[in-house]
Amino acid sequence: MNLSNLPDLAVRIFHYVILVLMVLYTVQSVTVFAQRRSRDRDRIFLFQNIEMFVIHFLGFATLFLNSWQFDLIMFYAAQVLYLLFTLLLFRNLYPRASRSLINNMCMLLTIGFIMVTRFSTDQSLKQFEIAAAGTALALLVPLLVRKLAVLTRLTWGYVFVGIGLLGLVVIAARVTNGAKLSLSVAGFSIQPSEFVKIIFVFAVAGLLSTEHSFRRIVIATVLAALHVLILVVSTDLGSALIFFLTYLIMLFVATRNPFLTMIGMFAFCIAAVAAYFLFSHVRVRVQIWQDPFQDYAGTGYQICQSLFAIAAGGWFGTGLSKGSPGAIPYVSQDFMFSAILEELGAVFGICLILLCLAVYMMFINIAMKLSNRFYRLAALGLGTTYATQVFLTIGGGTKLIPMTGVTLPLVSYGGSSVLSTILMFGIVQGLYMLRSDEVRQSMLDEEKMSRMRQMGRNRARMPEENSR
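Numbering of residues starts from 1 in each chain and follows the order in which that chain's sequence is written. In keeping with the model being predicted, local features are shown solely for residues with a pLDDT of at least 70 and side-chain atom pairs are shown and tallied solely at 80 or more, while totals for entire chains, interfaces and linings include all residues. Side-chain measures here rest on the full set of heavy atoms in the structure, leaving out hydrogens and waters.

Draft legend 1. Local environment of the packing of helix 4 (residues 99-119) against helix 14 (residues 336-368). Packing of helix 4 against helix 14 brings their axes to within 10 Å, and their N-to-C directions diverge by 155°. Classified by the interaxial angle, the pair formed by helix 4 and helix 14 is roughly antiparallel. Here the hand of the crossing between helix 4 and helix 14 comes out left-handed. Nonpolar residues are Ala, Val, Leu, Ile, Met, Phe, Trp, Tyr, Cys and Pro. Charged residues are Asp, Glu, Lys and Arg, and all others, Gly as well, are polar. The residue makeup of the contact of helix 4 with helix 14, split by class, is 19 nonpolar, one polar and two charged. Geometry is summarised by axes, namely lines fitted to C-alpha atoms with helices restricted to the contacting stretch, and by angles between N-to-C directions that run from 0 to 180 degrees. Only DSSP runs of H or I with at least four residues qualify as helices, and only runs of E with at least two residues qualify as strands; both kinds are numbered from the N terminus onward. These descriptions rest on fixed angle ranges, namely under 35 degrees for roughly parallel, over 145 for roughly antiparallel, 65 to 115 for roughly perpendicular, and the rest for oblique. Working rule for handedness: look at the near helix, and if it is turned counterclockwise from the far one by less than a right angle, call the crossing left-handed; if clockwise, right-handed.

Shown next as structure tokens:
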């Protein structure tokens, strides 16, 4: 046997082991909810942690064997420590936190670390630093959500801050690929719309949680439309679509009125047609979506390369660093899913979609079990924001819908996106623990009432015993 072929053989074996472990992890993400005993659930969560760390190790081992960059070893070790601290700190600081959300967040970050490192170690280092800082902040968020009831009473503060930040983008942001997206602050590039998504959800939750009068609905709709309009003016159409769909879902759940939803969809159709004629940027993207091969060397190049990458990957992929996803412009940002399909295969891609769906279902499950209307709408809105962003990214990369220029949360390269998504997970963790607090308080109240009833029965028996 030729020893020089051993690295290639090891890389091929690692590739299929990663696929098998990803399938197991995804199946467990669904089956864990069928387990009634906490001990059985904890065992599955532990297996998921092991699978995640093995995937992480095999991914970086593959990158190392393909490049022989020894800096990757130290970088890998730093990421292992980060993942360990994240899992242990959340579990020990918040024993009643959702382990499913923690595991899935870390798994998505792990996939992102591997794939971004595959394209650029410098970008991956920045991503890692931002993820670590975001996690440190997210560790405090559940405590703030649980202890600060004032968060439910800051509706107009959320409105003014959100509109103010988006307005600042229109005035001072630099233009990137035809859109005003980011601000430069102390040498760092920040995309405010990523954080305004969270503020917007809180604003809408505050507006719709207290009353559903016609006047209140009109006010909420006008303010939501103002957010969307500012984003349209700055030509950040992907974020505008996320804001619009999030508001539409929150409005329907708050009012249970399908007529309002139909009006919203009708307004969306009119706005989409208007945007097509008013903005050349939109017109070009629609034309690319209809026939990208018409201008293959020009405007259609990006989506054509994405489709070639998907076709090259097949079911099982070409292997990490064995494909050519780098031919796709901005692949680590807008087309990360296409790169995953090429090098890790459609099987891995389907599992990734199901994993994102499991996260969304967990958000919705938490929302439906909360008794406080503000918190319920907030959890629903955050889940819808997350799911919409995932759909737009995957749909744009696979030519299901026109490209929108948004990133795949926690997986694509993008500091603001990663930071805001980690904070979003932290907020939902806080809401999950609020639900646990409600259940615990309900059990205590029931136990207290049971004791009081028992004491009443005992007092009723005492006169009878004395008379005897």
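Draft legend 2. Spatial organisation of a nonpolar patch on the surface. Patch membership requires more than 30% relative accessible area and the absence of a salt bridge. Residues of like charge join within 9 Å; the nonpolar side chains Val, Leu, Ile, Met, Phe, Trp and Tyr join within 5 Å. Note on areas: these come from Shrake-Rupley sampling with a 1.4 Å probe, and a residue is covered only by the protein chains present in the view. What counts as a salt bridge is simple: a side-chain nitrogen of Lys or Arg found within 4 Å of a carboxyl oxygen of Asp or Glu. On the surface, Leu 6, Leu 9, Ile 13, Val 17, Leu 46, Phe 47, Ile 50 and Val 54 cluster together into a nonpolar patch covering about 630 Å² of accessible area. Among the secondary structure elements, those contributing two or more residues to the nonpolar patch are helix 1 (6-31) and helix 2 (38-67). Mapped onto the secondary structure, Ile 50 falls in helix 2. Ile 50 gets classed as partly exposed once you look at its relative accessible area, which sits at 45%. Only protein chains enter the calculation, and the probe is 1.4 Å; a residue is then buried if its accessible area is under 20% of its type maximum, exposed if over 50%, and partly exposed in between.

Draft legend 3. Region of the structure containing unusual backbone geometry. Of note in this structure, Ser 321 is not a glycine but carries a positive phi near 70°. Along the polypeptide, Ser 321 turns up in the loop between helix 13 (301-313) and helix 14. Within the chain, Lys 399 stands out as a residue other than glycine whose phi angle is a positive 65°. Along the chain, Lys 399 turns up in the loop between helix 15 (373-397) and helix 16 (415-467).

Draft legend 4. Highlighting the packing of aromatic side chains. Each Phe, Tyr or Trp ring, with Trp reduced to its six-membered ring, pairs with another whose centre is within 6.5 Å; inter-plane angles below 30 degrees give stacked pairs, above 60 give edge-to-face pairs, and intermediate values give tilted ones. This structure, assessed with the given rule, holds 21 aromatic pairs. When the ring of Phe 57 is compared with that of Tyr 76, the centres are 6.0 Å apart and the planes differ by 65°; the resulting orientation is edge-to-face. Separated by 19 residues along the polypeptide, Phe 57 in helix 2 and Tyr 76 in helix 3 (residues 71-93) bring together distant segments of the chain. Exposure remark for Phe 57: the relative accessible area of 43% places this residue in the partly exposed category. An aromatic cluster is built from Phe 57, Phe 60, Phe 75, Tyr 76, Tyr 82, Phe 113 and Phe 128, whose rings are joined through pairwise contacts.

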